[in-house]
Amino acid sequence: MTKIWQIIKHEYLRHVLEKKFLISLLSLPIMVVVMFGVAIIVILFSIDDTPVGYIDQPGILTQAYEREQDSFFNPKIDFLSYEDKAQAQTALESEEIQAYYIIPENYSSTLLVELYYLDEPDSDVQSQFDQYMRQNLDTLQGLDPQVINRLENGTQITIADLDGEREMGQDQWYLVFTPFVLGLMFFFVVMTSGGYLSQAVVEEKENRTMEIVITSVSPNQLMTGKIIGNIALGLTQLLAWLLFGWIGIKVAGRVWPVVQDFSLSTEYILIALLAMVPAFLMVAALMAAIGATMTETSESQQISGLFSITMMIPYYLASPIMMNPSGAIATALTFFPFTAPITIMLRMALTVMPQWQLILAIGIIWLFAIFAIWFAGRAFRMGMLRYGKKLSLKEIFRKEIRA
């Protein structure tokens with residue numbers, strides 16, 4: 001165990017202090033900050049809080065516009081009353097107002113209004129005028145407070161599973177958004193740390209460092225230490241990104257109140273970890289095996305690309321998975337170890353997965369992880385005897401049988 005721990009420590013410190021790892025660690029948070037910064041700048045420049053006029057011919061707007069909460073990105077609009085269209089048009093052309101509404105005499109029968117503008121006002125502006133209308137309509141007088149609240153706040157959509165076990169309100173957008181983000185983070189971390197491991201094994205074979213190291217430790221000890229060290233490296237990256245994400249949510253919650261409702265259940269986090277950790281082990285071990293069978297770093301990088309394509313399949317098929325999370329495609333991808341972690345997270349966001357499927361899927365991932373670790377050790381032992389030559393899968397298994 002002491003030797004394995006030394007290998008883990010060496011492998012971890014070797015990469016965590018490199019500039020490329022720090023660049024990889026900071027690249028995603030910086031990219032997200034830049035994207036949000038650009039989006040905020042665009043939104044700020046597009047905000048127009050110029051008042052809006054109206055001509056109330058039937059005289060139904062008798063109360064002042066009241067708004068419960070003012071938003072930084074959606075400021076309260078003032079609504080100004082005008083006597084006639086000519087007066088409102090003059091104010092529009094002089095840019096005193098950005099648009100004006102005409103509420104006709106027959107509004108109660110048609111429920112139609114006219115909107116005049118030079119440049120179409122933002123949808124938030126029109127939404128505020130709709131709210132203003134709801135607050136003032138005489139038809140609301142005498143109604144039940146719950147009915148008035150329903151009319152003022154509009155429709156609240158809730159998506160429910162047919163068996164009634166899962167519901168998702170329109171304010172729980174993060175239940176669909178989170179699996180995609182976590183899946184992408186998992187993908188980048190696995191491929192980055194796995195790439196480090198594969199590259200390290202190939203380089204040590206090329207410069208023949210392996211011959212020196214192998215005199216002090218067994219092949220299994222060496223591969224175990226390398227795999228765990230690189231997994232620790234990946235977990236460091238993942239935890240750092242999650243920390244940045246948590247800080248980002250707290251900061252964003254001060255600007256967008258809807259973000260404050262973000263939360264994940266303990267069950268969801270636990271199942272995600274049970275699926276991700278063995279998948280991490282599996283891919284890292286297979287990356288190490290690739291490095292042991294290749295003779296050049298470029299060759300290992302090309303073959304590693306196959307893993308990235310395979311792991312991204314749930315994103316390519318996201319539409320059928322989300323439309324039918326219990327369908328054949330979603331179920332099949334759940335039992336395939338490379339696509340299982342991301343598929344499980346997507347399905348759990350939309351439906352209640354049968355327990356037997358979760359147990360079987362996670363069990364399959366763990367079995368493949370154990371096999372991948374064994375395979376990596378076997379490939380490494382065979383590769384030590386084949387310096388300068390590629391090692392095929394057929395040769396690895398044939399030699400094992402003869403042994």
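The residue numbering used here restarts from 1 in each chain and proceeds along that chain's sequence as written. Totals for whole chains, interfaces and linings use every residue, but because this is a predicted model, local features are given only for residues with pLDDT of at least 70 and side-chain atom pairs only at 80 or more, for both listing and counting. Where side-chain values are given, they derive from all heavy atoms of the structure, hydrogens and water being excluded.

Visitor: I'd like a description of the sheet that holds strand β4 (residues 114-117), backed by residues and values.
Guide: The strand order across the open sheet formed by four strands is β2-β1-β3-β4, and the pairing between neighbours is mixed. A single partner strand is all that each edge strand has here, and the edge strands are β2 (79-81) and β4. Taken pair by pair, the neighbouring strands of this sheet meet at an average axis angle of 25°, ignoring direction. When DSSP finds two or more bridges between two strands, those strands count as paired. Strands are runs of DSSP state E lasting at least 2 residues, helices are runs of H or I lasting at least 4, and numbering of each runs from the N terminus. Two strands pair when backbone bridges link them, and strand β3 (residues 99-103) and β4 are joined in this way by four bridges, in the antiparallel orientation. Counted as the bridge partner of Y100 is Y116 from β4. Together, β1 (52-56), β3 and β4 form the strand contacts of helix α3 (residues 85-93), whose direction differs from that of β3 by roughly 165°. The strands touched by helix α5 (residues 123-136) are β1, β2, β3 and β4; relative to β3, the strand with the most contacts, the crossing angle is about 35°. Fitted lines through C-alpha atoms serve as axes, helices being fitted only where they are in contact, and the angles separating the N-to-C directions of these axes extend from 0 to 180 degrees. Contacts were defined at the residue level, with two residues in contact if any of their heavy atoms lie within 4.5 Å.

Visitor: Please give an account of α3 that cites residues and values.
Guide: Residues of α3 that are buried include every one of A88, A91 and L92, and no others. Viewed end-on, α3 has its buried residues packed into an arc of 100°, placing them on one side of the element. Opposite the buried face of α3, at more than 90 degrees from it, the exposed residues are A86, T90 and E93. For this analysis, a polar contact is any N or O atom pair within 3.5 Å, provided that within protein one partner can donate a hydrogen and the other can accept it, and provided that sequence-adjacent residues contribute only side-chain to side-chain pairs. If you check the start of α3, you find a side-chain oxygen 3.4 Å away from the backbone N of A86, and it comes from D84. Directly beyond the C-terminal end of α3, a positive phi value near 65° is found at E95. Each residue is placed in one exposure class: buried if its accessible area under a 1.4 Å probe, protein chains only, is under 20% of its type's maximum, exposed if it is over 50%, and partly exposed if it falls in between. It is the directions from the helix axis to the C-beta atoms that the arc portrays.

Visitor: Before we move on, can you summarise the environment of Y132 with the specific residues and values?
Guide: Relative to the elements of secondary structure, Y132 occurs in helix α5. On the basis of relative accessible area, Y132 is assigned to the buried category, the value being 4%. Separated by 67 residues in sequence, Y132 and Y65 have C-alpha atoms that sit 5.6 Å apart. Once you skip the residues sitting within four places of it in the chain, Y132 turns out to touch Y54, L61, Q63, A64, Y65 and F79.

Visitor: Quick one: what's the story with the environment of I97, residue by residue and with numbers?
Guide: With respect to the secondary-structure elements, I97 resides in the loop between α3 and β3. Residue classification places I97 among the buried positions, given a relative accessible area of 2%. Distance in space between the C-alpha atoms of I97 and L80 is 8.5 Å, their sequence separation being 17 residues. Beyond its immediate sequence surroundings of up to four residues, I97 is in contact with T50, P51, V52, G53, L80, Y82, A88, A91 and L92.

Visitor: Let's hear about a negative patch on the surface: which residues, and what values?
Guide: A patch consists of residues exposed above 30% relative accessible area that lack any salt bridge, with like charges linked at up to 9 Å and nonpolar side chains (Val, Leu, Ile, Met, Phe, Trp, Tyr) linked at up to 5 Å. Only the protein chains shown count as covering a residue, and every accessible area follows the Shrake-Rupley method with a 1.4 Å probe. Note on definitions: salt bridges are taken to be side-chain nitrogens of Lys or Arg within 4 Å of carboxyl oxygens of Asp or Glu. When charges are counted, Lys and Arg contribute as positive and Asp and Glu as negative, whereas His and the chain ends are disregarded. By convention, the charge on Lys lies at NZ, on Arg at CZ, on Asp at CG and on Glu at CD. A contiguous patch of negative charge on the surface is contributed by D48, D49, D78, E95, D119, E120, D122 and D124. Looking at the secondary structure, you find E95 in the loop between α3 and β3. We classify E95 as exposed; its relative accessible area is 66%.

Visitor: Run through the pairing of β1, naming residues and quoting values.
Guide: With five of five residues buried, β1 lies mostly within the body of the structure. Where burial is concerned, the two faces of β1 agree: the one with V52, Y54 and D56 and the one with G53 and I55 are both buried. Bridge count between β1 and β2: three bridges; the pairing is parallel. Each bridged residue has a counterpart across the sheet, and for Y54 the counterpart in β2 is S81.

Visitor: Describe the confidence of the model for the chain, and please don't skip the residues or the numbers.
Guide: Values of pLDDT, the confidence the predictor places in each residue, fall between 0 and 100. When pLDDT is averaged along the chain, the result is 77; 71% of the residues meet or exceed 70. Between the elements of the chain, mean pLDDT differs from a low of 54, seen in helix α17 (residues 393-402), to a high of 93, seen in β3.

Visitor: Can you tell me about the packing of aromatic side chains, naming the residues and giving the values?
Guide: Between rings of Phe, Tyr and Trp, where Trp is taken as its six-membered ring, a pair exists when centres lie within 6.5 Å; planes separated by under 30 degrees are stacked, by over 60 edge-to-face, and by other angles tilted. Under the defined criterion, the tally for this structure stands at 10 aromatic pairs. Seen from their ring centres, F79 and F129 are 5.4 Å apart, and the 70° between their planes marks the pair as edge-to-face. On the criterion of sequence distance, the pair formed by F79 in strand β2 and F129 in helix α5 is long-range, its members being 50 residues apart. The class for F129 is buried, based on a relative accessible area of 1%. Between F371 and F375, the aromatic rings sit 6.0 Å apart at their centres with planes inclined by 25°, giving stacked as the arrangement. Highlighted residues: F371 and F375, both in helix α16 (residues 355-384), separated by four residues, approximately one helical turn. The rings of Y54, F79, Y101, F129 and Y132 are connected pair by pair, giving a single aromatic cluster.

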